[in-house]
Amino acid sequence: MFKSPIIPSSHGFGIWFNKKEKKEYYVTPLINCNLAFVQNINNKYKEVLLANEMSKFAKPSYSKIYRDYAHPIEERYGMFLVRFLNADFSDVLSSYTTFFAFYGMELLKEYSNTAKNNDDSSMDFFEFFSAVHKESKDKIVKLQKQIRDCVDFVYHLDDSEFYKDELPHIKFIAHALKNDLYNYTNQTNIFFNTLFVNGTDGLNPNLANPSKVRKSIKDGKLSYKTSNIYHSSCLSNIVFVSLEEIAMNIYVTIKKCQNCGKYFIPTSKESEIYCDIIYYEKEKSCRIKGAAETFKKNIGEVDAYKLYKKTYQRILMQMQRGKINPYSEKATYFTQWKQQAQLYLKRYKKGKLSESDLNEWMQKSVDKFDKYDEKHM
């Protein structure tokens, strides 16, 4: 067996990617708190999920789980970035259950002295994580907003008309340069000898020849298609590495789920509208639940759309019959209202706006028509 690359596994966070197989791998110490290591049928290595939903931390102390580069955690391509984009960092429990359960505490050393100075294998975890969360929350939320703004711009999720037809990777480079995102690379070590990461059982390096290498590759015992390994203890650096990996891949896009509004990467075709994001075993994703259950109402059945259509036809008819002066304030408002209403309906169809919020806005906007005095047209 070849000698594994000497990359830290007891501290920090190492991540690498396989574009062809649409996989990513990582190694970092994890906190053994309600974790389940799941062997997915399509994976060579296990992935991490929560064993079940959590409403609290059940006990004060938890041990650490260590992985090595011969047995990394494996998950779908882009999941680190997707989980970070979707994470809820508002409180201690949600921060853990939506992100840090899967990726450990090592990356918090960038923002927390408590995390940096605590290397105990056993600890009062709730007390420890509460202190870490308090120290790091504001900086993490700020980082998350930066990355969300970038993703929204690159993949046209903000409905902006600016550069909407430009290629995503070009938009990414421009945005990263303009907003100094490349500064999030100065605390990352890059290891180039990734040839041996996924194992080389049965291949003696002293007896290697092209035939044996070809057979080892075919048998999955030798891999040369993974990226370099990126290692850091800084959350910002690993997030940027993941963002750049996805944004510079012209065959990948990021969308928002029409049911829950979460960011996701389509796995089979770009027209997918529902995400496959889950956090615990036996949880059903929006994609599994299906359109019939998660998006029960067609847009034509939504009250706001019915009101929009009725109001649009009524005002248009009044203008055509001369009952509304085309130069009046009411006519000007009608033009503005049409554009805004279409934007709100579009946001609803994309899962960015709830039905109740859409209905509320539409009713208020229609009520404004009655406030314009047409007596002096």
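Residues numbered from 1 in each chain as written. Predicted model: local features only at pLDDT ≥ 70, side-chain atom pairs only at ≥ 80, totals over all residues. Heavy atoms only, no water.

Enquirer: Requested: an account of the overall build of the protein chain, with residues and values cited.
Expert: Per the secondary structure count, the protein chain includes 12 helices and 12 strands. Here the protein chain holds 377 residues, and 46% of them are scored as buried. Considering only contacts in the protein chain between residues 6 or more positions apart, those separated by 24 or more positions represent 68%. Here the protein chain displays about 20,300 Å² of accessible surface, and carbon together with sulfur accounts for 50% of that area. (Helix = DSSP H or I, 4+ residues; strand = E, 2+ residues; numbered from the N terminus. Buried < 20%, exposed > 50% of the residue type's maximum accessible area, 1.4 Å probe, protein only. Contact = heavy atoms within 4.5 Å. Areas by Shrake-Rupley, 256 points an atom, 1.4 Å probe, with all protein chains shown as cover.)

Enquirer: Can you break down the packing of aromatic side chains residue by residue, with the values?
Expert: On inspection of all chains with the given rule, the structure shows 39 aromatic pairs. Note on F13 and F80: the rings are 5.4 Å apart at their centroids and 55° apart in plane angle, and the pair reads as tilted. Remark: F80 occurs in helix α1 (residues 79-86) and F13 occurs in strand β1 (residues 13-18); sequence separation between them is 67 residues. Here the two residues F13 and F80 agree in accessibility, since each one is buried. Above the face of the F102 ring, R83 is positioned so that its terminal group lies 4.1 Å from the ring centre. Stacked on the ring of F153, the Lys or Arg K171 has its end atom at 4.8 Å from the ring centre. (Phe/Tyr/Trp six-rings, centres within 6.5 Å; stacked < 30°, edge-to-face > 60°. Lys NZ or Arg CZ within 6 Å of the ring centre and 35° of its normal.)

Enquirer: Outline the packing of helix α11 (residues 329-349) against helix α12 (residues 355-367), listing residues and values.
Expert: Between α11 and α12, whose axes approach to 10 Å, the crossing angle comes to 175°. Regarding the angle of α11 to α12, the classification is roughly antiparallel. Along the contact surface, α11 presents Y333, W337, Q340, A341, Y344, L345 and Y348, while α12 presents E355, L358, W361, M362, S365 and V366. Class assignment for the residues of the contact of α11 with α12 results in 10 nonpolar, 2 polar and 1 charged. (Axes fitted to C-alpha atoms, helices over the stretch in contact; angles between N-to-C directions. Parallel < 35°, antiparallel > 145°, perpendicular 65-115°, else oblique. Nonpolar A, V, L, I, M, F, W, Y, C, P; charged D, E, K, R; others polar.)

Enquirer: How would you sum up the pairing of strand β10 (residues 229-232)? Please name residues and give values.
Expert: When a strand is regular, its side chains alternate between the sheet's two faces. Side chains I229 and H231 project from β10 onto one buried face, and the interleaved Y230 and S232 project onto a second face that is buried too. Bridging between β1 and β10 involves 3 bridges; their strand directions are antiparallel. Bridge pairing in β10 places G14 opposite H231. The pairing of strand β9 (residues 189-191) with β10 spans 3 bridges and is classified as antiparallel. In the strand pairing of β10, I190 is matched with Y230. (Pairing = 2+ DSSP bridges.)

Enquirer: Kindly report on unusual backbone geometry, identifying the contributing residues and their values.
Expert: Notably, K22 is not glycine yet its phi reads approximately 55°, a positive angle. A positive phi angle is found at K282, which is not glycine, with a value near 70°. Following the sequence through the fold, K282 ends up in the loop between β12 (263-264) and α8 (286-289). K282 gets classed as exposed once you look at its relative accessible area, which sits at 84%.

Spatial relationships are all this shows, so hold off on functional conclusions.
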